[in-house]
Amino acid sequence: MKQIKLGLSMWRMGYHIAAWRHPNVRPDGSMDIRYFLDIARAAERGKFDLVFMADELAIRGADNPPGARTRQSNGAELEPITLLAALAPNTSRIGLVSTGSTTYSEPFNLARQFLSLDHISGGRAGWNVVTSWGTEDALNFGHMNFPDYDLRYERAGEFVDVVRGLWNSWEADALLRDKKSGLYYDEAKLHTLGHKGKYFSVRGPLNVARSPQDEPVIFFAGDSEPGREIAAKSADVVFTAKQDLGSARDFYASIKERLPKYGRADDDVLVMPGLLPVVGRTRAEAQAKYDELMELIDPVVGLASLYDRLGDLSDYPLDGPVPEPKDPVFKSRAETMYKLAQREGYTIRQLYMTQALGRGHRIIIGTAADVVDEMEQWKTARAADGFNIIPSHLPDAINAFVELVVPEMQRRGLYRTDYEGATLRENLGVFKGRR
């Protein structure tokens, strides 16, 4: 069995909705390069393949119930490509991956940014392709409404093709830089793209040299049918959020079985579901860590996590039963959540606690052995090639993972003891030449 690949999602102060209130968390961390550098270096000590920076183009969400928005850490954070460029010379092997929107970017500029990051890092850059959808995002870019679903994905497919075309403007040996002959480059090995499509007209060529790893690594996180198709055609790694083994296996199979259509093999694309481990030396210690986080949730913030599905529950007792939803914004999600509360006998407080951690990703609370047991099960069952670790709070969560989980993975032969190469492609084992 091939070894498990690992990424670390380095988002704000962690994925728990009250992470910033934890006593070991720096509440100003999301604006401090030193905070992120400590986390990236911890992941590199643990031989992680990559750190991943999500990006948001707006401060999202209405203030429902009133006061909720100002109690959440969603207002001030560094722009991720700039941040990763600063981390590059201060790390040596770990991959540096950022989200880049196809909805509110232009292919030429995005191709230039990520290829520049790739050179700055010595071939360790990756682009996570996303289609932005929020109304707040649209307003920040001068649009009254965000593009509809089909348009966003159709545009994204063409966007990726243009970016990859631009990345291939220069052949590997095009730049001669020969002082004796006076030739700086071989004109025959510089290619003008000349793309004219439905959404983009881009002449090229790109004014950045070819990637040290041939192309930056492409990630994709879409779970829709169009998203899966783009991933099968162009992605090297697919991120996903799956709660159970069955749905994870179905998603994995859905990606892998599309690959032959694009002339690609099973190993050409890695599937890496998100995984949020709360790990301790004992199960009791892990549970205590989880309980400590839950006690930090401001009730107003907890109610906000239920608002779009169940409406304003401010007038109901927190430790009373969950009322039946009335005219919810998302009817199917409201029904699912209400049925969950009825089945489990949850109070309102208990229900919002289920939403406080993970943001849709699989959660494991236990020892290192418990965590690795499940990772190994998912890998063996063809539900995952690796995992994007979703930390509850930083830096504690990554430090605990590196100290406890990584040695257990290595002991079982599931994980590297050192990096295989210098570039992100080498370490992930995905090679552009196969596409």
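These figures come from a predicted structure and were not determined experimentally. Residue numbers restart at each chain and count upward from 1, following the sequence in its written direction. This being a predicted model, a pLDDT of at least 70 is required before a residue's local features are given, and a value of 80 or more before pairs of side-chain atoms are given or counted; all residues contribute to the totals for chains, interfaces and linings. Side-chain metrics in this entry use all non-hydrogen atoms of the structure; hydrogen atoms and water are not considered.

Novice: Please clarify how unusual backbone geometry should be interpreted in this entry.
Specialist: A cis amide bond links Gly-204 to the next residue, Pro-205, at an omega of -5 degrees. A run of H or I in DSSP counts as a helix once it spans at least four residues, and a run of E counts as a strand once it spans at least two, with each numbered from the N terminus. Within the secondary structure, Pro-205 is located in the loop between strand 8 (201-202) and strand 9 (217-220). Positive phi is not limited to glycine here, since Arg-177 has a value of about 50 degrees. Position of Arg-177 among the secondary structure elements: in strand 5 (residues 175-178). Per-residue accessibility, obtained with a 1.4 Å probe over protein chains only, is compared with the maximum for each type, and a residue is labelled buried under 20%, exposed over 50%, and partly exposed between these values. What makes Arg-177 partly exposed here is its relative accessible area of 49%. With a phi close to 80 degrees, Asp-214 is a non-glycine residue in the positive phi region. Tracing the backbone shows Asp-214 in the loop between strand 8 and strand 9.

Novice: Explain helix 1 (residues 33-45) here, please?
Specialist: Spacing of three or four residues puts side chains on the same side of an α-helix, whose turn is 3.6 residues. One less than the residue count of a helix, multiplied by 1.5 Å, gives the span that helix is expected to have. Along its 13 residues, helix 1 runs 18 Å from first to last C-alpha, staying within 8% of the 18 Å computed at 1.5 Å per residue. The set of residues buried in helix 1 consists of Tyr-35, Phe-36, Leu-37, Ile-39, Ala-40, Ala-42, Ala-43 and Glu-44. In this description, contact between two residues means that some pair of their heavy atoms is separated by no more than 4.5 Å. Check the buried side of helix 1 and you find it contacts strand 1 (5-9), strand 2 (50-53), helix 2 (80-87) and helix 13 (396-411). In this structure Asp-32 caps helix 1, since a side-chain oxygen of it lies 2.8 Å from the backbone nitrogen of Arg-34. A positive phi of about 60 degrees marks Lys-47, the residue just after helix 1. Polar contacts here mean pairs of N or O atoms no more than 3.5 Å apart (in protein, one a potential hydrogen donor and the other a potential acceptor; neighbouring residues in sequence count only if both atoms are side-chain atoms).

Novice: Explanation requested: the nonpolar core in the structure shown.
Specialist: The nonpolar side chains of soluble globular proteins are, as a tendency, buried together. Grouping buried Ala, Val, Leu, Ile, Met, Phe, Trp, Tyr and Cys residues that are joined through side-chain atoms within 4.5 Å yields what is termed a nonpolar core. Formed by 50 residues in total, the largest nonpolar core has its most connected members in Leu-6, Phe-48, Met-375, Phe-387, Ile-398, Phe-401 and Met-409. Secondary structure elements with two or more residues in this core: strand 1, helix 1, strand 2, helix 2, strand 11 (270-279), helix 12 (368-380), strand 13 (386-389) and helix 13. In terms of nonpolar packing, the next biggest core, distinct from the first, is built from 32 residues, Val-129, Trp-167, Ile-218 and Val-269 among them.

Novice: Teacher, can you tell me more about the packing of aromatic side chains here?
Specialist: When we look at a pair of aromatic rings, we describe it by the centre distance and by the angle of the planes. Working definition: a ring pair exists when centres of Phe, Tyr or Trp rings (six-membered ring for Trp) sit within 6.5 Å. Plane angles under 30 degrees give stacked, over 60 give edge-to-face, the rest tilted. One pass over the full model with this rule turns up twelve aromatic pairs. Here Phe-114 and Trp-127 contribute two aromatic rings whose centre-to-centre distance is 6.1 Å and whose plane-to-plane angle is 40 degrees, an arrangement assigned as tilted. Residue Phe-114 is located in helix 3 (residues 107-120), and its partner Trp-127 is located in strand 4 (residues 125-130); the two are separated by 13 residues in the primary sequence. Considered together, Phe-114 and Trp-127 belong to a single accessibility category, that of buried residues. Owing to a relative accessible area of 0%, Trp-127 belongs among the buried residues under this scheme. An aromatic cluster of three or more residues is present, and its members are Phe-114, Trp-127, Phe-159, Trp-167 and Phe-200.

Novice: Any chance you could explain the environment of Tyr-290 here in plain terms?
Specialist: With respect to the helices, strands and loops of the structure, Tyr-290 is situated in helix 8 (residues 283-295). Contacts of Tyr-290, omitting those with residues within four sequence positions, involve Val-278, Met-353, Leu-357 and Ile-365.

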